[in-house]
Amino acid sequence: MRYVIMCTVLFCFSSCGKKQHYFDAAGTFEATEVTVSSEATGRILSFDAGEGREVMAGDKIGMIDTVQLYLTKLQLIKNISSVRSGRPDVDRQAAALREQIAKQQTERARVENLLREDAATRKQLDDITSAIAVLESQLEALQSSLGKSVSGIDAQSSAMEVQIAQIEDRLAGCVISSPVAGVILAKYAEAGEFAVTGRPLFKVADTRRLFLRAYLTLPQLRDVKLGQRVKVYADFGGDSRREYDGAISWISEKSEFTPKSIRTKDDRENLVYAVRAAIENDGYAKIGMYGELVFQ
């Protein structure tokens, strides 16, 4: 009897010594993961994307060979210079005709004065007027022809400028960089390999903002809404936990069967709804770590 009493007392003490944590739901931490693919085709000259490396948005990680693209750009620049060199100077080429017209107009004014004094004939005036009309027609035709030539050359050079802009965009795509700040999770290529457009190069996760993916039963879900403030606890094992302020950022629109690896508050329910609680990470919480969710 004394043995039984001692065992009961020891069990009570051991039970009281364990710190019980109340939580409404539990799950694991996730992050926004981005798989970065190659935007260019060519040999990878350098690629410093070690797994676990922390990067900032826009950090240069590698480079794909750009020689052929750069040579194409130089060729287009030379072609533009060649095309523009043949662009006619409309004003200069029309200057001679304008000068002839001006002289004829001066002569017509002189003949008109002489005609008023009966020192010239009507035929002389008509001949000068006809000559001016011919010169003006020639000037109009010349301006039209040169204008079409200028428009064609400008259009051709503009098209080449667009091609250069496309080349520059492709050159920018040869720089391998991270689109987000975070940690590189996986590396799918190495320097020296041949990359093609669309081939995955590495995967990066935004670890500054993590999400605890947890599952709620229907009775729990009734009082939950987007933006609701919650407490999130990262479990480091034993009694080691870290508390974060969070908010519900996503609620699943459809139910699913209770995942075997996830515990909910009411294990009797077979159908649950997934929710995500967003937190600002201080560097301690990790992807895949177990966490707990408490509604305020």
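Structure: above.
Residues numbered from 1 in each chain as written. Predicted model: local features only at pLDDT ≥ 70, side-chain atom pairs only at ≥ 80, totals over all residues. Heavy atoms only, no water.

Asker: Now, about the packing of helix α2 (residues 67-85) against helix α4 (residues 122-173): what can you tell me, with residues and values included?
Answerer: Close contact between α2 and α4 brings their axes to 9 Å; oriented N to C, the two are set at 165°. Between α2 and α4, the interaxial angle falls into the category roughly antiparallel. The handedness of the crossing between α2 and α4 is left-handed. Mapping the contact onto sequence places Leu69, Tyr70, Thr72, Lys73, Leu76, Ile77, Asn79, Ile80, Val83 and Arg84 in α2 and Ile153, Gln156, Ser157, Met160, Glu161, Gln163, Ile164, Ile167, Glu168, Arg170 and Leu171 in α4. (Axes fitted to C-alpha atoms, helices over the stretch in contact; angles between N-to-C directions. Helix = DSSP H or I, 4+ residues; strand = E, 2+ residues; numbered from the N terminus. Parallel < 35°, antiparallel > 145°, perpendicular 65-115°, else oblique. Left-handed = near helix turned anticlockwise from the far one by under 90°. Contact = heavy atoms within 4.5 Å.)

Asker: Just give me the short version of the nonpolar core, but keep the residues and values in it.
Answerer: Core analysis: the largest hydrophobic core is formed by 26 residues, its most contacted members being Ile44, Phe47, Ile61, Ile64, Leu201 and Phe202. Counting residues per element, the ones that place at least two in this core are β2 (42-47), β4 (60-64), α2, α4 and β8 (200-216). Here this core takes five residues from α4, the largest share from any one element. Those residues in contact with Ile64, other than ones at most four positions away along the chain, are Ser38, Ala40, Thr41, Gly42, Arg43, Ile44, Leu45, Cys174, Ile176 and Ala195. One finds Ala31, Leu212, Ala234 and Ala285 within the second-largest nonpolar core, a separate group that totals 24 residues. (Core = buried A, V, L, I, M, F, W, Y, C linked by side-chain atoms within 4.5 Å. Buried < 20%, exposed > 50% of the residue type's maximum accessible area, 1.4 Å probe, protein only.)

Asker: Tell me what's going on with the side chain of Gln220, and back it up with residues and numbers.
Answerer: Its location among the elements puts Gln220 in helix α5 (residues 218-221). What makes Gln220 buried here is its relative accessible area of 13%.

Asker: Could you give an account of the sheet that holds strand β5 (residues 175-177), with specific residues and numbers?
Answerer: Reading across the sheet, the four strands line up as β5-β4-β2-β7 and stay open at both edges, with antiparallel pairing between neighbours. At either end of the open sheet lies a strand with only one pairing partner, and these are β5 and β7 (194-195). Across three bridges, β2 lies against β4 in antiparallel orientation. Within the sheet, the bridge partner assigned to Ile44 lies in β4 and is Ile64. (Pairing = 2+ DSSP bridges.)

Asker: If you had to explain the pattern of salt bridges to someone new, which residues and values would you point to?
Answerer: Applying the stated criterion across every chain yields a total of 19 salt bridges. Residue Glu30 is joined to Arg213 by a salt bridge in which the shortest nitrogen-to-oxygen separation is 3.9 Å. Of this pair, Glu30 sits in strand β1 (residues 25-37) while Arg213 is found in strand β8, placing the two residues 183 residues apart along the sequence. In this structure Arg213 comes out as partly exposed when scored by relative accessible area, which is 21%. Here Arg92 and Asp89 are joined by a salt bridge, their closest N and O atoms 3.9 Å apart. Relative accessible area serves as the criterion here: at 67%, Arg92 is assigned to the exposed category. The class of Asp89 is partly exposed, set by a relative accessible area of 37%. Among the charged side chains, a salt-bridge network with shared partners connects Glu30, Arg213 and Arg276. (Salt bridge = Lys/Arg side-chain N within 4 Å of Asp/Glu carboxyl O.)

Asker: Which residues make up the packing of aromatic side chains, and what are the values?
Answerer: Here the structure, examined in full by the defined rule, presents one aromatic pair. Where Phe47 meets Phe202, the ring centres are 6.2 Å apart and the plane angle is 55°; that geometry is what we call tilted. Pair noted here: Phe47 is in strand β2 and Phe202 is in strand β8, with a separation of 155 residues, a long-range link. Cation over ring: Arg242 sits above Tyr284, and NZ or CZ is 3.8 Å from the ring centre. One cation-aromatic arrangement involves Arg276 over Phe211; the distance from NZ or CZ to the ring centre is 4.2 Å. (Phe/Tyr/Trp six-rings, centres within 6.5 Å; stacked < 30°, edge-to-face > 60°. Lys NZ or Arg CZ within 6 Å of the ring centre and 35° of its normal.)

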